[in-house]
Amino acid sequence: MPEGHTIHRLARDLRSTLKGARVTASSPQGRFADGAGAIDGTTLRRAEAWGKYLFCDFGTGELLHVHLGLIGKFRRRPSPPPEPTGAVRLRLEGERATWDLSGPTRCEMLTPEEQDRIVAGLGPDPLRTDADPALARHRLARTARPIGATLLDQGIIAGIGNVYRAELLFLCNIHPATESRTLTDLQFEELWARTVELLRVGVRLGRIVTTEPDDIGRPRSRMRSDDRLYVYHRDHCRRCGAELATVVLGGRPIWFCPTCQPSPHGHAPRRSGSVRAGRGRRRSGPPAY
Ligand SMILES: [Zn+2]
């Protein structure tokens with residue numbers, strides 16, 4: 001599933017390619033014919049993301065709302081575009097580019113009030129300049145649910161998905177089963193700061209990269225696909241060499257290092273396995289609390 005960085009990058013690209021010029025809108029598949037008809041011939045005024053939700057304002061009084069869900073894609077095509085391929089729900093043809101939307105979970109026109117209701121149900125989005133981390137802190141402090149589950153809850157922080165949650169908790173040395181309400185202020189501050197930093201890297205590069213260049217030996221822009229993550233879908237910890245474990249939280253498996261992310265209930269295994277010499281030692285081992 002696309003995480004928040006994908007939608008922010010998409011909003012940015014829609015703005016840069018469509019804004020200011022007349023858009024020809026159609027629904028080649030036919031399922032969004034009315035919505036496309038309302039947009040057709042207008043100009044894009046605003047495109048913005050809130051977590052995984054995309055809102056586009058064409059000045060019609062209503063807003064285009066798109067949620068890509070698990071398999072949705074907004075693909076860029078040249079203008080004039082080739083014939084649509086597959087089931088294209090919405091085609092937005094501008095002077096500089098054409099965008100084909102297929103497979104979204106949601107594609108609808110909303111009133112501003114309906115948009116407000118969606119946004120009111122979302123937590124702060126770390127990629128937005130108006131994000132209020134205190135709200136996320138407050139919501140986490142009120143729940144005993146494991147942090148591995150609450151990070152997927154879009155009503156607490158908007159934009160984090162399955163890959164980022166595993167990588168963020170690893171980088172902050174937090175075990176995914178830790179009760180959200182037991183996080184210290186320091187832990188939350190680090191978690192938020194890392195989230196902002198890594199989501200921004202994701203927007204810039206167009207993919208999720210969480211590893212430090214020093215740990216990998218090459219800059220982020222030149223990393224291979226196997227270099228990009230610390231724990232997600234991996235077998236061994238990059239930092240201490242221990243075998244990684246998984247636990248199902250929030251309905252999906254999360255990978256973690258039992259050594260670098262000690263159990264909140266104690267009984268953390270002692271460091272084991274081979275430590276890769278000379279790399280990434282800063283954060284290896286349990287934190288000092
Ligand atoms: Zn480790």
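Reading the values: rules and limits
- Residues numbered from 1 in each chain as written.
- Predicted model: local features only at pLDDT ≥ 70, side-chain atom pairs only at ≥ 80, totals over all residues.
- Heavy atoms only, no water.
- Domains from an automatic or database assignment.
- Buried area = accessible area lost by both parts, 1.4 Å probe.
- Salt bridge = Lys/Arg side-chain N within 4 Å of Asp/Glu carboxyl O.
- Polar contact = N/O pair within 3.5 Å; in protein donor to acceptor, adjacent residues only side chain to side chain.
- Helix = DSSP H or I, 4+ residues; strand = E, 2+ residues; numbered from the N terminus.
- Nonpolar A, V, L, I, M, F, W, Y, C, P; charged D, E, K, R; others polar.
- Phe/Tyr/Trp six-rings, centres within 6.5 Å; stacked < 30°, edge-to-face > 60°.
- Buried < 20%, exposed > 50% of the residue type's maximum accessible area, 1.4 Å probe, protein only.
- Contact = heavy atoms within 4.5 Å.
- Donors = N, O, S within 2.8 Å, 3.2 Å for Na, K, Ca; no water.
- Tetrahedral: all angles 85-135°; square planar, octahedral: opposite > 155°, others 65-115°.
- Pairing = 2+ DSSP bridges.
- Patch = residues over 30% accessible without salt bridge, like charges linked within 9 Å, V, L, I, M, F, W, Y side chains within 5 Å.
- Areas by Shrake-Rupley, 256 points an atom, 1.4 Å probe, with all protein chains shown as cover.

1. Some points on the domain arrangement of the protein
Thought 1: If you check the domain split of the protein, you get domain 1 (4–120) and domain 2 (133–256).
Thought 2: For domain 1 versus domain 2, the distance between C-alpha centres works out to 29 Å.
Thought 3: Buried area between domain 1 and domain 2, summed over both chains or domains, comes out near 790 Å², and the portion from carbon and sulfur atoms is 63%.
Thought 4: Broken down residue by residue, the surface that domain 1 buries against domain 2 is led by H5, R9 and K52, which jointly contribute 64%.
Thought 5: Between the two partners, domain 1 and domain 2, sit zero salt bridges.
Thought 6: Between the two partners, domain 1 and domain 2, sit three residue pairs in polar contact (both at pLDDT 80 or more).
Thought 7: Of the residues forming the side of domain 1 that touches domain 2, the biggest block, five residues, is contributed by helix α1 (residues 4–18).
Thought 8: In the side of domain 1 that touches domain 2, the residues fall into one nonpolar, four polar and three charged.

2. Details of unusual backbone geometry
Thought 1: Geometrically, the link from S79 to P80 is a cis peptide bond, its omega value of -5 degrees lying close to zero.
Thought 2: With respect to the helices and strands, the residue P80 is situated in the loop between β5 (73–77) and β6 (88–93).
Thought 3: A positive phi angle is found at N173, which is not glycine, with a value near 55 degrees.
Thought 4: Relative to the assigned elements, N173 resides in the loop between α6 (162–171) and α7 (185–205).
Thought 5: The backbone of H233 shows a phi angle near 60 degrees, a positive value even though the residue is not glycine.
Thought 6: Considering the arrangement of structural elements, one finds H233 in the loop between α8 (213–216) and β9 (245–249).

3. Considerations on the packing of aromatic side chains
Thought 1: The final tally for this structure, using the stated rule, is four aromatic pairs.
Thought 2: When the centroid spacing of 5.2 Å and the interplanar angle of 35 degrees are considered together, the rings of F170 and Y230 count as tilted. Of this pair, F170 sits in helix α6 while Y230 sits in the loop between α8 and β9, and the two are 60 residues apart along the sequence.
Thought 3: For F170, a relative accessible area of 2% corresponds to the buried category.

4. Considerations on the side chain of S102
Thought 1: Among the secondary structure elements, S102 is positioned in strand β7 (residues 98–102).
Thought 2: On the accessibility criterion, S102 (14% relative accessible area) is buried.
Thought 3: At 3.4 Å, the side chain of S102 and the side chain of R75 are in polar contact.
Thought 4: Excluding residues within four positions of it along the chain, S102 makes contact with I71, G72, K73, R75, A87, V88 and R89.

5. Regarding the coordination of the zinc ion
Thought 1: Looking at the zinc ion, the protein donor atoms are C237 (SG), C240 (SG), C257 (SG) and C260 (SG), and they sit 2.3 to 2.4 Å from it.
Thought 2: Taken together, the four donor atoms coordinating the zinc ion and their angles of 100 to 112 degrees define a geometry best described as tetrahedral.
Thought 3: Each donor residue of the zinc ion lies on one chain, and together they are spaced C-x2-C-x16-C-x2-C.

6. What to know about the pairing of β7
Thought 1: In terms of burial, β7 is largely enclosed, as five of its five residues are buried.
Thought 2: Taking every second residue as pointing to the same face, both faces of β7 are buried, with T98, D100 and S102 on one and W99 and L101 on the other.
Thought 3: Hairpin remark: β6 followed by β7, antiparallel, with four residues in the connecting loop.

7. Remarks on a nonpolar patch on the surface
Thought 1: There is a patch of nonpolar side chains on the surface, built from M1, L70 and I71 and spanning about 340 Å² of accessible area.
Thought 2: With respect to the helices and strands, M1 occurs in the segment before α1.

8. Quick notes on the pattern of salt bridges
Thought 1: Applying the stated criterion across every chain yields a total of 18 salt bridges.
Thought 2: With its nearest N and O atoms 2.8 Å apart, the salt bridge here joins E179 to R181.
Thought 3: Classification of R181 by relative accessible area gives partly exposed; the value is 48%.
Thought 4: In this structure, the salt-bridge partner of E212 is R194, at a minimum N-O distance of 3.4 Å. Of this pair, E212 sits in the loop between α7 and α8 while R194 sits in helix α7, and the two are 18 residues apart along the sequence.
Thought 5: Classification of E212 as buried rests on a relative accessible area of 18%.
Thought 6: Overall, the relative accessible area of 9% leaves R194 in the buried class.
Thought 7: Salt bridges sharing common partners tie together R46, E48, D57, R128 and D130.

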